[in-house]
Amino acid sequence: MSHSKESDELVCFVNEKVIEPNADPKVNLLFYLRKVHLSGTKYACGGGGCRVCTVMVSRYNPKTKKIHHYPATACLVPICFLHGAAVTTVEDVGSINRIHPVQERLAECHGTRCGFCSPGMVMSIYTLLRNHPETTPDQITEALGGNLCHCTGYRPIVESGKTFCVESTVCQVKGSGKCCMDQEERPYVNKQEKICTKLCNEDEFQPFDPSQEPIFPPDLIRMAEDPNKRRLTFQGEKTTWIMPVTLDDVLELKASFPKAPLIMGNTAVGPSIKFKDAFYPVFISPLELPELHFVDTTDNGVTIGTGYSLAQLNDALLFTVSEQPKEKTKTCHALLKHLRTFSGGQIRNMVTLGGHVVSRPNSSDLNPILAAGNAAINLRSKERERQIPLNGHFLERSPEADLKSEEIVLPVYISHSTQATALVHIYLDGSVLVTHGGCELGQGLYPKMIQVASRELDIPQSYIHLSETSTITMPNAFFTAGSMLTDTNGKAVQNACQILVAHLQPVIRKNPQGKDWIAKAFKESISVSATRYFKGYQTNMGWEKEEGEAFPYFIYGAVCSEVEVVTGAHKLLRTDIFMDAAFSINPALDIEQIEGAFIQGVGLYTLEELKYSPEDVLYSRGPDDYKIPTVTKIPEEIYVTLVRSQNPIAIYSSKGLGEAGMFMGCSVLFAINHAVTAARRERGLTKTFTLSSPVTPELIRITCVDQFTDMIPRDDPSTFTPWSIHVS
């Protein structure tokens, strides 16, 4: 270890108390263990992937007064990271003279072969038992999920762990927890034919008594509860490790050392140093900062400190989904599903939420789920505080949506994956400003929102103005996609306007005929601004049994198209569309949407062909190669009829029609199919044929079959490399 007079003493326990006066930030726990002659913890990959170097790290939380044990890979744990922590290695669990029940059962159940992975297996099970003395089979499997073994096939290792469960399943009889020899006799099985597949005799195991495990060192409890904590510095030969204890201290350090990484779990920086020769002269490790370790759940979402490990994140999300309605926690459910397959327990206990978000890894990434759920991250520097959405720009590291070198990530906010938002202001001159969470993409959303506000406030549409969508005014809005924007944002605008009308009722009752209600409300300090949310529709779909309805309502329609096919090219003569619009808020806009979607469908089914080279290079990347409909492709005659129906679930009994018309473009495909069938029948060809989408002119021409198509050479496909590959 290096020596420096400026270095503080590092105090921790590695089976016993350690006071290291010259802790070197470059040295990790695995190599430190070898220095102190504790070689039971094995060294293999060196990057946290195999988990043979698993140890147990224990820390005391002075706020909750609880001790937390978690598995960690020693190869990724810098020795300086362990100040105030207790490390237990396999040597302290048991020895030849005092073997621990975990070690005994692993051996007796034939869970060890070469033995190289066994210390890591022992520590994973041991750590689980320290946290959950009465464990379950699922917890055993999860605890061992990250440990690699190339000899045993894992089953005997898992079974040795399951002997600690309330109902052991050592005997391999349908996981019943009973030996097959002890089950009631069945009439069709003779006693002589019964064969016990038990791996070992549990009666010979020494009992497991959790009360006999070592206690957490009182010295470390006193250190953790010390009210006079100060910044610590561990100075190595070339690197410095700094442990700040306040947020202001962290921000000051980041301003002074903007390129210094923040070390919480070291799962990103550690491998970059080992495998990519990265060098950092300064490390900042704010492990005990309260601002990084908290969770706050409200009706609008959950805010989680970035110092939470992914294991702690999992626990926080489980609590959130147990307390909140399912429609509010879709993002949380998606994160939980992904976390189940995220690495092993060691890494989940070391990776922090903030580190994972900022590093933006290419594999096992939670960020796309957070982005889809409209999550946001709060950034802080010495000079300012800001919030940025965790979206595509952030994931792509766009300069305008990335962290500055002096910034740190504080909480991550996860919203209502189903929530639409609206903000309505009424001004003294009677004008109204409406802001909502939807983006106008040409679908007519803004005009319809003006209509909703006009109807609810009973004022002319000319009084109403719209502001562009911004996360400054509308944070955590529902994404703009699909056909539901009028439904969701319309409900939010409606709710906000109804709140304003309720606010104004006392003024209106005093002067029913007056026109100065807003001025009087202003004088009486009555709010004439309102923000409201619409959480979305409740469906009754049971996904596990695949029963019920996945959507709150359906749209029905019918279409008929007439085409003329000449030499492969087709001409669209007429299309008639009947669309179930219920009670359209704006028939002109809805008809326009239906026609536009229909023409997009025509392109999809008849023109837009993807062509790839054998090397998987996309050829059709521009208008020369990828054809979309032009004005010459629209029907010579098109008639759209809106059919009325009842839809009480949606705003004003309307229906979202933005995408429904697209599928109707398939009527052109079917019409062409009929035309080709007729042409083939004229030539005596009656066999069934395939006409795939898109039905391009060349495909139509070849499928019709005549003396000219017969002249096209058909080479053996095995004798040449095609210039393009068909993509169905």
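Everything discussed here concerns the structure shown above.
Residue positions are given per chain, counted from 1 along the sequence in the order it is written. Local features in a predicted model are, by the rule used here, given only for residues with pLDDT of at least 70; side-chain atom pairs are given and counted only at 80 or more, and totals for whole chains, interfaces and linings are based on all residues. For side-chain calculations, the full set of non-hydrogen atoms in the structure is used, while hydrogens and water are omitted.

Chemist: Honestly, the packing of helix α3 (residues 101–108) against helix α4 (residues 118–131) in this entry has me stumped. Any pointers?
Modeler: To characterise two packed helices, one gives the angle between the axes of the helices and the distance between these axes. Direction vectors running N to C along α3 and α4 enclose 130°, while the axes themselves pass 9 Å from each other. Compared by their axis directions, α3 and α4 come out oblique. Remark: the crossing between α3 and α4 carries right-handed chirality. Between α3, through Val102, Gln103 and Leu106, and α4, the contact on the second element is made entirely by Ser118, Met121, Val122, Ile125, Tyr126 and Leu129. Residues were grouped as follows: Ala, Val, Leu, Ile, Met, Phe, Trp, Tyr, Cys and Pro as nonpolar; Asp, Glu, Lys and Arg as charged; and all remaining residues, including Gly, as polar. Residues belonging to the contact of α3 with α4 are distributed by class as follows: 7 nonpolar, 2 polar and no charged. Axis definition: a line fitted to C-alpha atoms, over the contacting stretch in the case of helices. Angles run 0 to 180 degrees between N-to-C directions. Counting from the N terminus, the helices are DSSP H or I runs at least four residues long and the strands are E runs at least two residues long. In this scheme, roughly parallel covers angles under 35 degrees and roughly antiparallel covers those over 145, while 65 to 115 is roughly perpendicular and the rest are oblique. In this scheme the crossing of two helices becomes right-handed for a clockwise turn of the near helix relative to the far one and left-handed for an anticlockwise turn of less than a right angle. Whether two residues touch is decided by their heavy atoms; if any such pair falls within 4.5 Å, the residues are in contact.

Chemist: Help me understand the layout of surface pockets, please; the structure alone is not making it clear to me.
Modeler: It is the rolling of a water-molecule-sized probe over the atoms that shows where space remains empty. A cavity here means a set of points on a 1 Å grid, drawn over the protein atoms and nothing else, where a 1.4 Å probe fits but cannot get out; a pocket is an open set with protein on both sides within 12 Å along at least five of seven lines, and a residue lines either one if it has an atom within 4 Å of a point. Grid points are joined across faces, edges and corners, and a volume is the space filled by probe spheres set on the points. For the second largest pocket, the calculated volume is near 1,400 Å³. Lining the second largest pocket are 49 residues, and of these Ala268, Val269, Gly355, Val358 and Ser359 lie nearest its centre. When contributions to the lining of the second largest pocket are tallied by element, the ones reaching two or more residues are α9 (269–276), α13 (353–359) and β13 (408–414).

Chemist: Mind showing me how you'd approach the packing of aromatic side chains here?
Modeler: Note on aromatic pairs: each is described by the distance of the centres and the angle between the planes. Pairing of aromatic rings covers Phe, Tyr and the six-membered ring of Trp, with a centre-to-centre limit of 6.5 Å; geometry is then stacked below 30 degrees between planes, edge-to-face above 60, and tilted otherwise. Inspection of every chain in the model, using the stated rule, returns 5 aromatic pairs. Ring plane angle 65° and centroid distance 5.5 Å describe the contact between Phe31 and Tyr43, whose orientation is recorded as edge-to-face. One end of the pair, Phe31, is in helix α1 (residues 29–35); the other, Tyr43, is in the loop between α1 and β3 (54–61), with 12 residues separating them in the sequence. Look at Tyr43 and you get partly exposed, because its relative accessible area is 33%. Whether a charge sits over a ring comes down to the Lys NZ or Arg CZ being within 6 Å of the ring centre and within 35 degrees of the ring normal. Lying across the ring of Phe164, Arg105 places its NZ or CZ 4.2 Å from the centre. Each residue is assigned to one of three classes by its accessible area relative to the maximum for its type, calculated with a 1.4 Å probe on protein chains only: buried under 20%, partly exposed between the two thresholds, exposed over 50%.

Chemist: I keep staring at the pattern of salt bridges and nothing clicks. Help me out?
Modeler: A side chain with one charge can pair with a side chain of the opposite charge if their charged atoms come near. Whenever Lys or Arg places a side-chain nitrogen within 4 Å of a carboxyl oxygen from Asp or Glu, that contact is recorded as a salt bridge. All told, the structure shown has 21 salt bridges when counted by the stated rule. Across the pair Arg222 and Asp219 runs a salt bridge whose closest N-O atoms are separated by 2.2 Å. Residue Arg222 and its partner Asp219 are both found in helix α7 (residues 218–224); the two are separated by 3 residues, about one turn of the helix. Between Glu524 and Lys510 there is a salt bridge whose closest N-O contact spans 3.9 Å. A residue pair is termed long-range when its members are at least 10 positions apart, and Glu524 in the loop between α18 (517–523) and β17 (529–534) and Lys510 in helix α17 (residues 485–510) qualify at 14 residues. Because the salt bridges share partners, they merge into one network encompassing Lys17, Asp219 and Arg222.

Chemist: Would you explain the sheet that holds strand β15 (residues 432–436) in this entry?
Modeler: One key point about sheets: their strands pair by backbone hydrogen bonds, in either a parallel or an antiparallel sense. What makes two strands pair is DSSP finding at least two bridges between them. With mixed pairing, the 4 strands of this open sheet are ordered in space as β16-β15-β14-β17. Across the chains shown, the open sheet's two edge strands, defined by having one partner strand only, are β16 (464–466) and β17. Each neighbouring strand pair of the sheet contributes to a mean axis angle of 20°, computed without reference to strand direction. Across 6 bridges, the pairing between strand β14 (residues 420–426) and β17 is antiparallel. Each bridged residue has a counterpart across the sheet, and for Ala422 the counterpart in β17 is Arg532. Across the face of the sheet, helix α16 (residues 445–457) comes into contact with β15 and β16 while running at roughly 145° to β16.

Chemist: What is the right way to read the nonpolar core from this model?
Modeler: A general trend in soluble globular proteins is that nonpolar side chains are found buried together. Only buried Ala, Val, Leu, Ile, Met, Phe, Trp, Tyr and Cys residues count toward a nonpolar core, and they belong to the same one when joined by side-chain atoms within 4.5 Å. Residues Leu82, Ile304, Leu317 and Ile377 are the most contacted members of the largest nonpolar core, which totals 71 residues. Once residues within four sequence positions are removed from consideration, Leu82 is found in contact with Val11, Cys12, Leu29, Val57, Arg59, Val77 and Val87. Of all hydrophobic cores here, the second largest spans 33 residues; its members include Val434, Tyr446, Met449 and Ile464.

Chemist: I keep staring at the sheet that holds strand β11 (residues 376–380) and nothing clicks. Help me out?
Modeler: One open sheet holds the 5 strands; their spatial order is β9-β10-β13-β11-β12, and the pairing between them is antiparallel. Looking along the sheet, the strands with just one partner apiece sit at the ends: β9 (295–298) and β12 (385–389). Along the sheet, successive strands turn relative to each other by an average axial angle of 20°, direction set aside. Pairing geometry for strand β10 (residues 301–304) and β13, over 3 bridges, is antiparallel. Counted as the bridge partner of Ile304 is Val412 from β13. Relative to the sheet, helix α10 (residues 310–323) contacts β9, β10 and β13, its axis offset from that of β10 by approximately 160°.

Chemist: Got a minute to help me understand the pairing of strand β4 (residues 66–73) in this structure?
Modeler: The side chains of a regular strand alternate, residue by residue, between the two faces of the sheet. Bridge analysis of β3 against β4 gives 8 bridges, and the strand direction is antiparallel. Among the inter-strand pairings, Thr54 is bridged to a residue of β4, identified as Thr73. Between β3 and β4, which pair antiparallel and follow one another directly, the connecting turn spans 4 residues, one of which, Lys65, has a positive phi of 60°.

Chemist: I tried to follow α10 on my own but got confused; where do I start?
Modeler: Given the number of residues in a helix, its expected span is that number minus one, multiplied by 1.5 Å. Look at α10: 20 Å from first C-alpha to last across 14 residues, which is about the 20 Å you get at 1.5 Å a residue. Those residues of α10 not exposed but buried are Leu310, Ala311, Leu313, Ala316, Leu317, Thr320 and Val321. Looking at the buried residues of α10, the elements they touch are β9, β10, α11 (330–339), α12 (345–348), α13 and β13.

Chemist: Hey, could you run me through the side chain of His100 in this one?
Modeler: Tracing the chain through its elements places His100 in the loop between α2 (90–93) and α3. Assessed through its relative accessible area of 4%, His100 is described here as buried.

Chemist: So what exactly am I meant to see when it comes to empty space enclosed by the protein here?
Modeler: For the structure on display, the rule yields 2 cavities of 30 Å³ or more. Here the second largest cavity is characterised by a volume of approximately 30 Å³. What lines the second largest cavity is simply Gly111, Thr112, Arg113, Cys114, Gly115, Cys117, Ser118, Cys149, Cys151 and Thr152.

Chemist: Would you mind showing me how to read the environment of Phe522 here?
Modeler: Relative to the helices and strands, Phe522 is located in helix α18. Separated by 366 residues in sequence, Phe522 and Pro156 place their C-alpha atoms 76 Å apart.

Chemist: Help me understand a nonpolar patch on the surface in this model?
Modeler: Like charges are joined within 9 Å and nonpolar side chains (Val, Leu, Ile, Met, Phe, Trp, Tyr) within 5 Å, but only among residues with over 30% relative accessible area and no salt bridge; these make up the patches. Residue exposure ignores everything except the shown protein chains as possible cover, and the areas themselves are Shrake-Rupley values with a 1.4 Å probe. On the surface, Phe551, Phe554 and Tyr556 cluster together into a nonpolar patch covering about 350 Å² of accessible area. Mapped onto the elements, Tyr556 comes out in the loop between β17 and β18 (557–566).

Chemist: Looking at this structure, how should I read α9?
Modeler: When we look at burial in α9, the residues that qualify are Val269, Gly270, Pro271 and Ser272. Those residues of α9 that are buried lie in contact with β8 (282–284). Positive phi appears at Asp277, one or two residues downstream of α9, with a value of about 55°.

Chemist: Looking at this model, I keep getting lost on the state of the cysteines. Mind explaining?
Modeler: Note on terminology: a disulfide is the covalent bond linking the sulfur atoms of two cysteines. The disulfide criterion is simple: two cysteine sulfur atoms within 2.5 Å. Within this structure, the stated rule accounts for 0 disulfides. With no disulfide of its own, Cys12 lies 9.8 Å from the sulfur of Cys80, the closest cysteine sulfur. Judged by relative accessible area, Cys12 falls into the buried class, the value being 0%. Summary of cysteine pairing: Cys114 is not part of a disulfide, and the nearest cysteine sulfur, belonging to Cys151, is at 3.7 Å.

Chemist: Before we go on, may I ask you to explain the packing of α10 against α11 in this structure?
Modeler: It is at 10 Å that the axes of α10 and α11 come closest, and there the two elements cross at 140°. Accordingly, the angle class assigned to the pair α10 and α11 is oblique. Note that α10 runs across α11; the crossing there is left-handed. Mapping the contact onto sequence places Leu310, Leu313, Asn314, Leu317, Leu318, Thr320 and Val321 in α10 and Cys332, His333, Leu335, Leu336 and Leu339 in α11. Partitioned by chemical class, the residues of the contact of α10 with α11 number 9 nonpolar, 3 polar and no charged.

Honestly, that's just the spatial picture; any functional story needs more than this.
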